[in-house]
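Each chain is listed here by its residues.
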There are 2 protein chains.
Amino acid sequence: MPASSSAPASSPALPGLSHRQSEFSFSVGTRLTETCSPSDAQVDANGGAFLGRTGTITTPHGTIQTPAFIAVGTKATVKAVLPESIAELGAQAVLANAYHLYLQPGPEILDAAGGLGAFMNWSGPTFTDSGGFQVMSLGSGFKKVIDMKNVDSSGPDDAVAPGKERLAHIDDDGVWFKSHLNGDRHRFSPEISMQVQHQIGADIMFAFDELTTLQNSRAYQEESLERTRLWALRCLTEHASLTASRVGKPYQALFGVIQGAQYEDLRRKACQDLGAMPFDGYGIGGALEKENLGTIVRWCNEELPEDKPRHLLGISEPDDIFTAIENGADTFDCVSPTRVARNSAFYTPFGRFNLSGARYKTDFGPLQDGCDCYTCVNYSRAYIHHLFKAKEMISATLISIHNERFVVKMVDDARLAIESGDFFEFKAETLGRYYS
Amino acid sequence: MPASSSAPASSPALPGLSHRQSEFSFSVGTRLTETCSPSDAQVDANGGAFLGRTGTITTPHGTIQTPAFIAVGTKATVKAVLPESIAELGAQAVLANAYHLYLQPGPEILDAAGGLGAFMNWSGPTFTDSGGFQVMSLGSGFKKVIDMKNVDSSGPDDAVAPGKERLAHIDDDGVWFKSHLNGDRHRFSPEISMQVQHQIGADIMFAFDELTTLQNSRAYQEESLERTRLWALRCLTEHASLTASRVGKPYQALFGVIQGAQYEDLRRKACQDLGAMPFDGYGIGGALEKENLGTIVRWCNEELPEDKPRHLLGISEPDDIFTAIENGADTFDCVSPTRVARNSAFYTPFGRFNLSGARYKTDFGPLQDGCDCYTCVNYSRAYIHHLFKAKEMISATLISIHNERFVVKMVDDARLAIESGDFFEFKAETLGRYYS
């Protein structure tokens, strides 16, 4: 085991930050290949490497054992679920969104409340996404994500949702955008994003980056990547200044965000560029299609400093989770578990099902046999089916608790499988059953 | 203290029921006038008597210390609140509705689940309203209650909501009505209501009665009251038969429902008639205006057997609660605490306020200073204001928890005040502050 693997790796200090950096650290625990022996065919299929590992992220509000699935609480609440339930189901951290909280209630409110965690009664670690993704996806008329197959383009570099007006305009300094709530015009820049995120006060923040799509031209991707690189530097500078000035606040870690779409050279360059900067960790973001997910994560993690945590933004599908884990991603987040719950879809080891089906009306079993979540221990499919049909709110609560537990536990079990040496068996069994 | 006051008064046995009646009982604890000394003026103002008392209702699923406010869970869920929270906030029992559960999911589902409590994961005592009120109010095009001041009447005995079709048609045998969900035609009768309520399986059921309005003619009120009397007898007969045939189920108590609108002679007659029948307790229902509430409750409780519990249907306003308690009502229920919560209204000792006001945006105090509820201990007005503005579901959850706690505690405190002898001081202080 390399000497660095279990010692906490403190981030390179920025001026004025050294005494606080100790509040954030990451240590690698077990590397996948130390305990597991993939076959040659598996190694070949994965591009020659498995970068997966376990680790521990230490924040001022507690630790996160990685790999870990982070519950999404966009507007400072995991939709329909009380924070006690989130903790009880085993979620280790919550991720909120700087764009949404900037518009509503405003970051000064969270600052006055003592930060995101205190505001929402969540005592554990917190993340905020920078808002860059949301500014650009919502600002281009897309709801939450840019559908790569359904865009109106006036040119190759101008993806807008069908029938929608472009509400986000990007220049080298930042982005003008209109609020999706009331159409008010706002400005985000690297500095503003950092100011907003410092006020929100999460333990882990993301640098402000530009979102591109797979439709953008190669030339635009290059131009955009350079803009994101320059923005990353500006984020670090503003972050250092804010950290120095906001005396007495817990240290907030800053993760750089890797873009580069489907281009290997761009992804590797972005990782080299940002990897050399004093970020506390990295987010892997941007345009990627499901079939390239593992490859792109591998390109990134082959370049990124190994002693920094890596967050892959926006995934929760079981196959994506395993692919990301084995390629070295440490944390993940996704709105899906609660979003599909509100439409009565629930996860099981045998796939995802929809509880609105008439056959569940008299099904007195739990959502998932043997599941240890509050919902499965106490409620039947028949009851939650009734709640959904009757439009009663706690149907969303109960299914969300189960779905979050399902994904959190799957990732926890993957971590244990890395430690115990049966990751590949666990993956094959889990995915074989889920997609059967 | 009269000899009967603290001994459990078992209900007069129906054929075949005697061995089970022991599962339901009521005992009077302290009479208001045993510990408190109202002034002559207070006695005069209250018609010469204060019938208030404390007591204990024993059911197969636990006891209820009375006076008690019963949380409403119409469709087998207290809207937006998990049952753990309901128990934690001190609610002693939950009341569901036979009309709603008959239509959705159907009473056979609750029966198969092991009854209402098991179905909804509530281990304490449960009530079901008979559905009579809902059949007739919803069937007349009103939403939840018949607005006494806003009716279209083709004649004095035909109150229908403006612009709505009459969907309920009453005859001596029962009621034809259309489902408010899909327009399907259904029939309720005393026998059907008892069958439905036995399948639902609550500890306390209500007899099927006819709802009248204050607009109905005196002649119609008399006719209706006689119909309700005959229905009460049919409910008892069907209840006895079902109790005998449903071997092994916990005993379900049956409460007769007192109608008679604003007429003293009709109310007293109804109480004498139903009071002589072997009901386990009584519900006081029907048309009454706020200013007559105490008087009507007093008329009823002067006639009803003193050793039976009395439930006043559908109140939660502080002044109504005190009026009802001092006139001898033991339990109350109301949808208001959760309904107003969904519109962001919250109770405080100084009245009800609406959290949507802009001044709450930066108000980091609890909904109510000193309140011991989960919401007040953990969340600020600013946070819940944000959740409401952001249309996040847990705003309803958090305000509902507080509002239910507020009313439950007020009634609990009134019970303690009867025991400690300062009921009238407590009432004056509470109402003086609330309506200041």
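For chain A, an unreviewed UniProt entry supplies the name Queuine tRNA-ribosyltransferase and the organism Paenarthrobacter nitroguajacolicus. Here chain A is described in UniProt, under the heading Catalytic activity (unreviewed entry), as follows: "7-aminomethyl-7-carbaguanine + guanosine(34) in tRNA = 7-aminomethyl-7-carbaguanosine(34) in tRNA + guanine". According to the UniProt record, the Subunit (unreviewed entry) comment for chain A reads "Homodimer. Within each dimer, one monomer is responsible for RNA recognition and catalysis, while the other monomer binds to the replacement base PreQ1."

Next up on the list: the nonpolar core. Counting 210 residues, the largest nonpolar core has A:Tyr383, A:Phe423, B:Tyr383 and B:Phe423 as its most contacted members. Setting aside residues up to four positions removed in sequence, A:Phe423 forms contacts with A:Leu32, A:Cys36, A:Phe322, A:Ile325, A:Glu326, A:Ala414, A:Ala417 and A:Ile418.

Before going further, it helps to examine the packing of helix 10 (residues 218-245) of chain A against helix 11 (residues 264-275) of chain A. All names here are of chain A. Across the interface, helix 10 lies against helix 11 with an axial gap of 11 Å and an inter-helix angle of 10°. The orientation of helix 10 relative to helix 11 falls into the category roughly parallel. Residues Arg218, Gln221, Glu222, Leu225, Glu226, Arg229 and Ala232 of helix 10 lie in contact with helix 11, whose contacting residues are Asp265, Leu266, Lys269, Ala270, Asp273 and Leu274. A breakdown of the residues in the contact of helix 10 with helix 11 according to their chemical character gives five nonpolar, one polar and seven charged.

Turning our attention to unusual backbone geometry. The omega torsion across B:Thr66 and B:Pro67 is 0°, close enough to zero to call that bond cis. Cis geometry is found at the peptide bond from B:Gln104 to B:Pro105, where omega equals 10°. Within the secondary structure, B:Pro105 sits in the loop between helix 5 (98-103) and helix 6 (107-113). A positive phi angle, near 50°, is found at A:Ala261, a position not held by glycine.

This part covers helix 13 (residues 318-326) of chain A. All names here are of chain A. Within helix 13, eight of the nine residues are buried, which leaves it mostly tucked inside the rest of the structure. What helix 13 keeps buried is the set Pro318, Asp319, Asp320, Ile321, Phe322, Ala324, Ile325 and Glu326. Immediately downstream of helix 13, the backbone of Gly328 shows phi near 95°, a positive value.

Accessible area lost upon the coming together of the parts serves often as the stated size of an interface. Counting residues at the interface gives 37 residues for chain A and 37 residues for chain B. Around 3300 Å² of area is buried between chain A and chain B when both sides are counted, 64% of it from carbon and sulfur atoms. When the buried area of chain A at its contact with chain B is split by residue, A:Leu82, A:His386 and A:Met393 rank highest and sum to 19% of it. The partner of B:Lys79 in a salt bridge is A:Glu392, with the nearest N and O atoms 2.5 Å apart. Taken together, chain A and chain B are joined by 16 residue pairs in polar contact (both at pLDDT 80 or more).

Glancing now at the relation of the copies chain A and chain B. In the superposition of chain A on chain B (RMSD 0.0 Å, axial shift 0.0 Å), the rotation amounts to 180°. Taken together, the turn and the small shift mark the pair as related by a two-fold rotation axis. Relative to the rotation axis, the C-alpha of A:Met393 is the closest in chain A, positioned 3.7 Å from it. Mapped onto chain B, 100% of the interface residues of chain A again fall at the interface, so both copies present the same surface.

Moving on to the packing of aromatic side chains. The tally for this structure, following the rule as stated, stands at 44 aromatic pairs over all chains. Look at B:Tyr434 and B:Tyr435: their rings are 4.8 Å apart centre to centre, the planes differ by 75°, and that puts the pair in the edge-to-face class. B:Tyr435 gets classed as partly exposed once you look at its relative accessible area, which sits at 39%. Chaining the aromatic ring pairs together yields one cluster made of A:Tyr99, A:Tyr102, A:Phe177, A:Phe188, A:Phe208 and A:Trp231. The ring centre of A:Tyr263 lies 4.9 Å from the NZ or CZ of A:Arg218, which sits over that ring.

Here the idea is simple: oppositely charged side chains can pair when their charged atoms come close. All names here are of chain A. For the structure on display, the rule yields 61 salt bridges over all chains. For Asp173, the salt bridge is made with Arg187, and the minimal N-O distance between the two is 3.0 Å. Here Asp173 is found in the loop between strand 9 (168-170) and strand 10 (175-178), whereas its partner Arg187 is found in strand 11 (residues 185-188), with 14 residues between them in sequence. With a relative accessible area of 17%, Arg187 lands in the buried category. Where Glu223 meets Arg227, a salt bridge forms, and the shortest distance between an N and an O atom there is 3.7 Å. Residue Glu223 and its partner Arg227 are located together in helix 10, separated by four residues, close to a single helical turn. Ionic contacts of the salt-bridge type, sharing partners, join the residues Arg31, Glu34, Arg53, Glu306 and Asp330 into one network.

Residue and element names in this part refer to chain A. If you walk across this open sheet you meet the three strands as 9-10-11, and the pairing is antiparallel. This sheet does not close on itself; its edge strands, each paired only once, are strand 9 and strand 11. Between one strand axis and the next, the sheet turns through 20° on average, direction left out of account. Examined bridge by bridge, strand 10 and strand 11 share four bridges and lie antiparallel to one another. Paired with Trp176 across the strands is Arg187, a residue of strand 11.

Before going further, it helps to examine the UniProt feature "active site" (unreviewed entry) in chain A. All names here are of chain A. As annotated by UniProt and renumbered to match this structure, "active site" (unreviewed entry) occupies Asp129 and Asp333. Spanning 205 residues, the named residues form one tight spatial group whose C-alpha atoms are at most 10.3 Å apart. Mapped onto the secondary structure, Asp129 falls in strand 6 (residues 126-129). A relative accessible area of 11% means that Asp129 is categorised as buried. If sequence neighbours within four positions are ignored, Asp129 has contacts with Leu95, Ala96, Asn97, Ala98, Gln134, Gln197, Phe206 and Leu313. Relative to the helices and strands, Asp333 is located in strand 16 (residues 331-334). Once residues within four sequence positions are removed from consideration, Asp333 is found in contact with Phe69, Ile70, Val72, Leu95, His311, Leu312, Leu313, Gly314 and Ile315. Of note is the side chain of Asp333, whose polar atom sits 2.6 Å from the side chain of His311.

All names here are of chain A. Bridge analysis of strand 17 (residues 345-348) against strand 18 (residues 351-354) gives four bridges, and the strand direction is antiparallel. Its bridge partner lying in strand 18, Thr348 is registered against Gly351. Adjacent in sequence and paired antiparallel, strand 17 and strand 18 are bridged by two residues.

With that out of the way, let us pick up helix 17 (residues 394-420) of chain A. Residues and elements named next belong to chain A. For helix 17, which comprises 27 residues, the first-to-last C-alpha distance of 38 Å matches the rise-based estimate of 39 Å (1.5 Å per residue) to within 8%. Among the 27 residues that make up helix 17, 22 are buried, leaving the element largely enclosed by the rest of the structure. Immediately downstream of helix 17, the backbone of Gly421 shows phi near 90°, a positive value.

With 88% of its residues at a pLDDT of 70 or more, chain A shows a mean pLDDT of 91. Here residues 1-19 of chain A scores under 50 on pLDDT; set against residues more than four positions off or in separate chains, the count is 38 contacts.

Take the side chain of B:Asn216 next. One can find B:Asn216 in the loop between strand 12 (204-206) and helix 10 (218-245). Looking at B:Asn216, the relative accessible area reads 7%, which means it is buried.

For A:Arg298, the location among the structural elements is in helix 12 (residues 293-303). Excluding its chain neighbours within four sequence positions, the residues that come into contact with A:Arg298 are A:Asn46, A:Gly47, A:Ala49, A:Leu51, A:Arg268 and A:Asn327.

To continue, consider the packing of helix 9 (residues 190-200) of chain B against helix 10 of chain B. Residue and element names in this part refer to chain B. It is the contact of helix 9 with helix 10, at a shortest axis distance of 8 Å, that shows an interaxial angle of 40°. Between helix 9 and helix 10, the interaxial angle falls into the category oblique. In the crossing of helix 9 with helix 10, the sense of the turn from one axis to the other is right-handed. Each of Pro190, Glu191, Met194, Gln195 and His198 in helix 9 lies in contact with helix 10, whose residues at this interface are Trp231, Arg234, Cys235, Glu238, His239, Leu242 and Thr243.

What counts as what
- Residues numbered from 1 in each chain as written.
- Chains lettered and ligands numbered in written order.
- Predicted model: local features only at pLDDT ≥ 70, side-chain atom pairs only at ≥ 80, totals over all residues.
- Heavy atoms only, no water.
- UniProt positions renumbered as here; feature names shortened; annotations may be inferred.
- Core = buried A, V, L, I, M, F, W, Y, C linked by side-chain atoms within 4.5 Å.
- Buried < 20%, exposed > 50% of the residue type's maximum accessible area, 1.4 Å probe, protein only.
- Contact = heavy atoms within 4.5 Å.
- Axes fitted to C-alpha atoms, helices over the stretch in contact; angles between N-to-C directions.
- Helix = DSSP H or I, 4+ residues; strand = E, 2+ residues; numbered from the N terminus.
- Parallel < 35°, antiparallel > 145°, perpendicular 65-115°, else oblique.
- Nonpolar A, V, L, I, M, F, W, Y, C, P; charged D, E, K, R; others polar.
- Buried area = accessible area lost by both parts, 1.4 Å probe.
- Salt bridge = Lys/Arg side-chain N within 4 Å of Asp/Glu carboxyl O.
- Polar contact = N/O pair within 3.5 Å; in protein donor to acceptor, adjacent residues only side chain to side chain.
- Least-squares fit on C-alpha atoms with pLDDT ≥ 70 in both.
- Phe/Tyr/Trp six-rings, centres within 6.5 Å; stacked < 30°, edge-to-face > 60°.
- Lys NZ or Arg CZ within 6 Å of the ring centre and 35° of its normal.
- Pairing = 2+ DSSP bridges.
- Expected span 1.5 Å × (residues − 1).
- pLDDT = per-residue confidence, 0-100.
- Left-handed = near helix turned anticlockwise from the far one by under 90°.

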